[in-house]
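# Residue-level structural notes
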Amino acid sequence: MNILMALSQLEVTGAEVYGVTLADELIKRGNNVYIVSDTLTKPTKAEYFKIEFNKRSLSQRISHVKELLRIIKEKDIQVVHAHSRASSWSSAIACKIAGIPLITTTHGRQPIHFSRKLIKGFGDYGITVCENIYRQLVDKLGVKENKICVLRNPVSCEEYDFSENSIKEKIIISIIGRLSGPKGEICYDLLERLYKNEKYQIQVIGGKEIPERFKKFQEKVKFLGYVNDVPQKIKDSSIIIGAGRVAMEGILSGRPVIAVGEQEYIGLVSEKNIEKALSGNFGDVVIEYNGVDISNIEKDIEEGINLKKDELLRLRDIIKENFSIKTIVDNIEKIYSKQYVLKKKYEIPVIMYHRIIRETDEKGVHGIYVLDKVFDEQMKYLKENGYQTITFEDIKSGKYRERFNRGNKWIMITFDDGYKDNYEVAFPILKKYGFKGTIYLLGEAKYNSWDVNNPKNPEKKFILMDDEEILEMQEYGIEFGGHTLNHPMLARLDLEKVKKEILESKKITEKMLGKKMNCFAYPYGNLSEEVKEIVKEAGYEFAVATDSGDITFDKDLFQIRRIAIFPKNNMLSFKRKVSGKYNFIKIKREHKKK
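If you're wondering where the values come from, they're calculated on a predicted model, not measured in any experiment. One numbering rule holds for all chains: residues counted from 1, following each sequence as written. Local features are withheld for residues below a pLDDT of 70 in this predicted model, meaning they are given only at 70 or higher, and side-chain atom pairs are given and counted only at 80 or more; totals for whole chains, interfaces and linings count all residues. No hydrogens and no water enter the side-chain calculation; it runs on all heavy atoms of the structure.

### A few points about the overall build of the chain
- Each helix is a run of H or I in the DSSP string that is no shorter than four residues. Each strand is a run of E no shorter than two, and both are numbered from the N terminus. Per the secondary structure count, the chain includes 20 helices and 23 strands.
- Taking the principal axes of the C-alpha coordinates as reference, the chain spans close to 95 × 55 × 45 Å.

In structure tokens, the structure reads:
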């Protein structure tokens, strides 16, 4: 996707670190990311545009909106992600005009006043970095719970190797944070209390300039300012004092952390108070603010120095579980695409056929067919209207993220079971229009035995394609996927039989194809979470269902919803089904039936 991050800060903040970390991970995954902000200090692979959101006169805000609209159009932006009130106000107007979604992340406690309640400014969907912010937005500002979630600061945990604290002559205390605003007040109070203690060697990391009142500490305190190698500085320390991301990084590095933010003193982070620390982003956010009492700081320093390695490792595991960049960015990507799909009422159509036949007397009992002349008419419509057929091979390794890009009018054409008429009838028509498709094959069955042997509703016998036909189609560009050995209802089998059906069929079919398959179709669309896990373990990258799955293609790549094409569908019905909007209607109907 093409994503615009909107920040507003005049010096390095947690929001900037969050935004840059998120941007670089998104870029690594194949997305295009751009950043707009007053300033940008942290290095990033994202292209940066300067917009001074902190200049807030009416004319300046109009200028902000114009510049945002220019970038949105020029870079084909599909979603804007704002990380501050100042940037979200202008972004909201630009997104409204451009018709794209706005996502916001709230990093701190919000002011409660009438105008904020009236114009919430949290976009189409909001993310909060901790539970206390979530509760405030829901309880005090009336944000709907289905429009907001908690996703913590994404951290590349691998960058912070755990190392044991080496014994030093002095206790090296690193206070990490800004020297301005509420955090500056806390830093000043900490220094006032600690700087004369001869047992401590104190260093302050952060802040562009040293404010005048801090200069009295310079004789005994090192002011390092902004540094790029924070992980190394953390490792060189005996103990870390800070909030938010600083606390996480300290714990990941194996250092005892005293969590103190602009609203609360958590104290030495331990297994006893880690949940409280997480809920308030390590002291930055509280439900009720009563001031910050740092009177226990010396006691916590002494206890911190004596924390055992085992507890520090357990704390590290908790942080990894909660702040894993992979898990968090996975979820954020899904939020982006979901909100884009909801805003545009569009998602790539994945359509499903079974048999393509020449005469109605070939149709059988179950009616899972389309006549050749109808199929030809449908393919002609797709060709004349600029549709581009793609396979799962085309969109592997994250390339499905490009489906909304300008100029991409993608559609996926799938066929279940591999009937001989797919080769004899459908294949020539696909070639006629230069189209590709995906056909799901059985590993053992040579005809539709699962239907023929149905005692309640037996079907006529229809032969499946042979190996020679399949290989000819593969040579042209038709993709093949797995569909089990013999077409059972997988969710009704014990798991050992499920494994056999999925794993053995994959092995047999891949040997015949001479290549790896990356997509699977559940027979009858019948599945369960356990079945999906086995499909993943088999090495597939995608799996398609029928009438289940989310409206968004990438919500669950192992339960992709498909749209069935039936003989009764006329051209008007077909056009609706391939418009990209059909599943909105279909899911709405399904919900009404419940």
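### Concerning the sheet that holds strand β11 (residues 239–242)
- At least two DSSP bridges between two strands are required for those strands to pair. Spatial ordering of the open sheet is given by β10-β9-β8-β11-β12-β13, a layout of six strands whose pairing is mixed. Since the sheet does not close on itself, it has two edges, and those belong to β10 (221–225) and β13 (265–268), each with one partner. Going from strand to strand, the sheet's axes swing by 15 degrees on average, the running direction of each strand aside.
- Across four bridges, the pairing between strand β9 (residues 200–205) and β10 is parallel. The partner of I205 across the bridge, within β10, is G225.
- Along the sheet, helix α6 (residues 181–194) contacts β8 (171–176), β9, β10, β11 and β12 (257–260); its crossing angle with β9, the most-contacted strand, is approximately 165 degrees.
- Strands in contact with helix α8 (residues 244–252) are β8, β11 and β12; relative to β11, the strand with the most contacts, it is inclined by about 165 degrees. Angles shown run from 0 to 180 degrees and are taken between the N-to-C directions of axes, each axis being a line fitted to C-alpha atoms and, for helices, limited to the stretch in contact. Throughout, a contact is declared for two residues whenever any of their heavy atoms are within 4.5 Å.

### Re unusual backbone geometry
- Positive phi is not limited to glycine here, since D417 has a value of about 90 degrees.
- Here the term buried applies to any residue with accessible area under 20% of the maximum for its type, exposed to any over 50%, and partly exposed to those in between, with areas from a 1.4 Å probe on protein chains only. Since its relative accessible area comes to 3%, D417 is described here as buried.
- Located in the positive-phi region is H487, a residue other than glycine, with phi close to 70 degrees.
- On the secondary structure map, H487 appears in the loop between β20 (479–482) and α17 (495–513).
- Using a relative accessible area of 6% as the deciding quantity, one classes H487 as buried.

### A few points about the packing of helix α1 (residues 14–28) against helix α12 (residues 325–344)
- In contact at an axis separation of 11 Å, α1 and α12 are set at 80 degrees when each is read in the N-to-C sense. Considered as vectors, α1 and α12 are oriented roughly perpendicular to each other. Contacts between α1 and α12 involve Y18, T21, L22, E25 and L26 on the former and, on the latter, I325, V329, I332, E333 and Y336.
- Each residue is assigned to one class: nonpolar for Ala, Val, Leu, Ile, Met, Phe, Trp, Tyr, Cys and Pro, charged for Asp, Glu, Lys and Arg, and polar for all the others, Gly among them. By residue class, the composition of the contact of α1 with α12 is seven nonpolar, one polar and two charged. Oblique is the label for every angle not falling under 35 degrees (roughly parallel), over 145 degrees (roughly antiparallel), or within 65 to 115 degrees (roughly perpendicular).

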